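# Architecture at a glance
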Amino acid sequence: MTSLIEQYEQQYAVSTADFTAKIAKLANVERSDRRFLIQELEKQVEELRELLEQMELEVCDVDPTLRPKLKTRVESYRAELVRLEKEFSNASIRKNVGYGDQNEIFGEISIREEQKQQLLNTSETIERTNNKLTACYSVLLESEDIGSQVLRDLQCQRETIQKSRARLREADADLSRSTRIMNLMIARSRQHKLVISVIAAVCSLAILVTIYFSVTRSS
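Our focus in this paragraph is the confidence of the model for the protein chain. Predicted confidence across the protein chain gives a mean pLDDT of 79, with 87% of residues reaching 70 or more. The secondary structure element of the protein chain with the lowest average pLDDT is helix α4 (residues 104-218), at 77, and the one with the highest is helix α2 (residues 31-60), at 87. Considering only residues more than four positions removed or in separate chains, one finds that residues 95-109, a stretch of pLDDT under 50, has seven contacts.

Here is the structure:
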C-alpha cells in the first residue's frame, strides 16, 4: 500500500514541476498560444487534485501507525497545490493587462519585477520538487534493499528447510534399517530358543532312557 502512495508522490512531484515550468512560460508566451497553454494548466490542476484525492484514499487504508505521517505529507502537498493555483491565477490576470493602457511603461516595469519574483519562486519550487524526488528515490532504494534482504532470508530459510528434509529422510532410512535389524535379531533369538529347547528335550529324554535301562538292569 505504501509503495502505491510513493508512486503517487513521484507522479505528483513530476506534475508539479511541469506545472511550475508552464506557469513561468505563461508570462512570455505569445497571445495566440496563450489560451491553449491556459487550458493545459487548468486540465493539469484537475489532474493534480484527483491525484491528491487518490493519495488521501490510500492513506486511509494504510497501517494506523503510519497514517499520521502520510496524512501530514498529503496535507503539505495540498497546501502547495493551493499556492501553485494562486500563482497560476496571478499569472493569468497579470498578462491580461490592456496593451493600450496609458501607464503601459510603468506596468511593464512592474511586470518585469513580478516576473523576477516569479522566477525566484519557480526556482524555489523546482528545488523543493528536486528534493522530494531525491527523497522518493532514497525511499525506493531503501525499499529495494529491504526487499533484497527479505529474498536472501527466504532463500536461507528454504535451504534450511531442504537440509532438514534431507536429514529427516536419512533418519527415516536409518530407522527402517534399525527396524529390519531388530526383527532379524528377534527371529534369530527365537531360533536359538527353539534349538536350546530341542537340545534340552533330547538331553532329558536321554537321561530318562539311561535311568530306565539302569533300573531294568538292576532288576
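Structurally, E80 is set in helix α3 (residues 67-95). Since its relative accessible area comes to 8%, E80 is described here as buried. The residues touching E80, leaving out its near neighbours within four places in the chain, are Y12, T125 and K132.

Bringing the packing of aromatic side chains into the picture now. Within the structure shown, the criterion is met by two aromatic pairs. For the pair Y12 and Y77, a centre-to-centre distance of 5.0 Å together with 35° between the ring planes defines the contact as tilted. Taken as a pair, Y12 in helix α1 (residues 2-26) and Y77 in helix α3 lie far apart in primary sequence, 65 residues in all. No difference in accessibility class separates Y12 from Y77, as the two residues are buried. Ring geometry for F19 and F88: centres 6.0 Å apart, planes at 70°, overall edge-to-face. Pair noted here: F19 is in helix α1 and F88 is in helix α3, with a separation of 69 residues, a long-range link. We classify F19 as buried; its relative accessible area is 0%. Among the residues examined, F88 registers a relative accessible area of 10% and is labelled buried.

In this section: the nonpolar core. Counting 24 residues, the largest nonpolar core has Y12, F19, L26, L41, M55 and F88 as the members making the most contacts within it. Elements with a contribution of two residues or more to this core: α1, α2 and α3. By residue number, the principal contributor to this core is α2, which donates nine residues. When residues no more than four places from it in sequence are discounted, the contact partners of L41 are F19, K22, I23, L26 and F88.

Conventions adopted
- Residues numbered from 1 in each chain as written.
- Predicted model: local features only at pLDDT ≥ 70, side-chain atom pairs only at ≥ 80, totals over all residues.
- Heavy atoms only, no water.
- pLDDT = per-residue confidence, 0-100.
- Helix = DSSP H or I, 4+ residues; strand = E, 2+ residues; numbered from the N terminus.
- Contact = heavy atoms within 4.5 Å.
- Buried < 20%, exposed > 50% of the residue type's maximum accessible area, 1.4 Å probe, protein only.
- Phe/Tyr/Trp six-rings, centres within 6.5 Å; stacked < 30°, edge-to-face > 60°.
- Core = buried A, V, L, I, M, F, W, Y, C linked by side-chain atoms within 4.5 Å.

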